[in-house]
Amino acid sequence: MKFVNSYLARMQDYNKEHKLKYYIDTMGCQMNENDSMKYAGILESMGFEKGEEDNSNLYLFNTCCVRENAENTLFGRLGMLKKKKMQNPQTYIVIIGCLTQQQVMVDKIKKSYRFVDVILGTGAMSIFPEKIYNAIVTNEKHLEYLDMSNALDEDVPVVFDDKYKASVSIIYGCNNFCTYCIVPYVRGRERSRKPEDIISDIQKLAKDGYKEIMLLGQNVNSYGNDFDEKYTFSMLLQEIEKIDGIEIIRFMSPHPKDFKDDLIEVIKNSKKIARQIHLPLQSGNTEVLKKMNRKYTKEQYIELAMKLKQIPDISLSTDIIVGFPGETEEQFEDTLDVVNTVKFDQIYMFIYSPREGTVGARMEDNTPYSQKVERLERLKKLYEDTLPQLNEKMVGKTYKLLVEGKSKTNDNLYTGRTSQNKVVVFEANEEDVGKVVNIKIDSDHLWYLKGTIV
Ligand code: SAH
Ligand code: SF4
Ligand code: F3S
């Protein structure tokens, strides 16, 4: 189905005269980044031009609520826009995304941030043009909570922010209800996009010169569970592998409980799937994992990670939460033990943040915050101590890499990421940008490697 909407044309007419500019501020994860590119596509179809932070008319905040600080980010930024709106009445403020999927937050915005024009949650692309048109042209604000989180929008126009790397959502929502996590409440139930829609999107991207694809979902390996006929994530990967022009395939996040042997085989046999797997651990202690509703034990996680590590040149990354309610010192040490055993190339670490409405928020938590901070520091230190051992092993070897552009810190050097997602800096020319080259690693540093194109 094509994304058709009479408000696109009506708003375009208005913009012929008024030439309004838009600016999108995205918080949160890659799913939100991906949604924002679609909202950019919709806004451009409505005749808005892309503007900058200081000269735009429509400010779209695509929000996150996974941790408290994500929420605070929005309120900090909103405060700054109030003045702008007073100076220029042709300023419109629109808030969408996960945070506004909660009634309490909608109430808070209505009460304390009265200058906001439109509030919508997740999955609201189909009514977005109408609400924007009404706010701007007929002066009707939309500030009511509507639950559209289970929508599956197809054929939405997209404006990508990179010429060679693109992301494609394959499954929306989550059914796992990990007890700390708000995502299932704000993103609805699992809905897999049809394989043919995904394939045709990627074929188009390949035709446009995209080389690297990131497949997105809260739990990519439950892809297809909601279909009547059997169709799995590994089957989808094999289809994507056949698309000419796509050279690197990444995905995130898989859930360890659904990481079956067929998927490992497909990765092993693939020439395109990146040698990097994100395997969220969350905790290394079996009791804590049970309280988190993760459905695997410490031993099962280690066994899976070690199986993956047998794939040559594979790198593993993970997410870890410290200070889950009731986590004891001994339980935390199990997390350190897993980190020490598996050795991750990248760890995203978070201090537990209670989310209202989740089961975790009702659990007793006697650990002082300062102790949680101290645990985070110890985890960080262990990670930084184990990382050089992994980086050293890459020196002298040659890896495939997409040249992404000039290094941000050194104008004479270029940068890219290997299949393992390691940042490499090297000498290159402007015409190498967008090409996949072979690079030999010369030396290792904690957060990057130095190499030479061979
Ligand atoms: N669907 C993905 C992750 C989504 S949220 C997955 O299952 O891997 C990204 C990460 O945020 C999670 O992996 C978790 O480590 C962290 N996170 C989620 N809720 C949190 C909370 N309440 N407090 C702290 N970290 C949290
Ligand atoms: Fe949250 Fe768990 Fe779903 Fe990931 S799998 S989004 S952590 S509930
Ligand atoms: Fe945040 Fe929503 Fe992603 S809560 S982490 S933006 S799914």
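Residues numbered from 1 in each chain as written. Chains lettered and ligands numbered in written order. Predicted model: local features only at pLDDT ≥ 70, side-chain atom pairs only at ≥ 80, totals over all residues. Heavy atoms only, no water.

### Comments concerning the side chain of H142
Phase 1 of the analysis: For H142, the location among the structural elements is in the loop between helix 5 (128–137) and strand 6 (165–169).
Phase 2 of the analysis: Looking at H142, its side chain comes within polar contact range of the main-chain oxygen of E144, at 3.1 Å. (Helix = DSSP H or I, 4+ residues; strand = E, 2+ residues; numbered from the N terminus. Polar contact = N/O pair within 3.5 Å; in protein donor to acceptor, adjacent residues only side chain to side chain.)

### A few points about the site of ligand 3
Phase 1 of the analysis: In the vicinity of ligand 3, the contacting residues are G28, C29, N32, C64, C65, V66, C98, R187 and Q218.
Phase 2 of the analysis: Of the residues contributing to the shell around ligand 3, the split by class is five nonpolar, three polar and one charged. (Near = heavy atom within 4 Å. Nonpolar A, V, L, I, M, F, W, Y, C, P; charged D, E, K, R; others polar.)

### Overview of the site of ligand 2
Phase 1 of the analysis: C174, N176, F177, C178, Y180, C181, V183, P184, Q218, H255 and R294 make up every residue found near ligand 2.
Phase 2 of the analysis: Partitioned by chemical class, the residues of the shell around ligand 2 number seven nonpolar, three polar and one charged.

### So, the pairing of strand 6
Phase 1 of the analysis: Summarising burial for strand 6: four of the five residues are buried, a large majority.
Phase 2 of the analysis: Bridge count for strand 6 against strand 9 (residues 212–216) is five bridges, and the pairing is parallel. Bridge pairing in strand 9 links S167 to M214. (Buried < 20%, exposed > 50% of the residue type's maximum accessible area, 1.4 Å probe, protein only. Pairing = 2+ DSSP bridges.)

### Details of the domain arrangement of the chain
As a measure of interface size, the accessible area lost when the parts come together is often cited.
Phase 1 of the analysis: When its domains are assigned, the chain resolves into domain 1 (7–143), domain 2 (165–392) and domain 3 (398–453).
Phase 2 of the analysis: The C-alpha centroid of domain 3 is placed 37 Å from the C-alpha centroid of domain 1. (Domains from an automatic or database assignment.)

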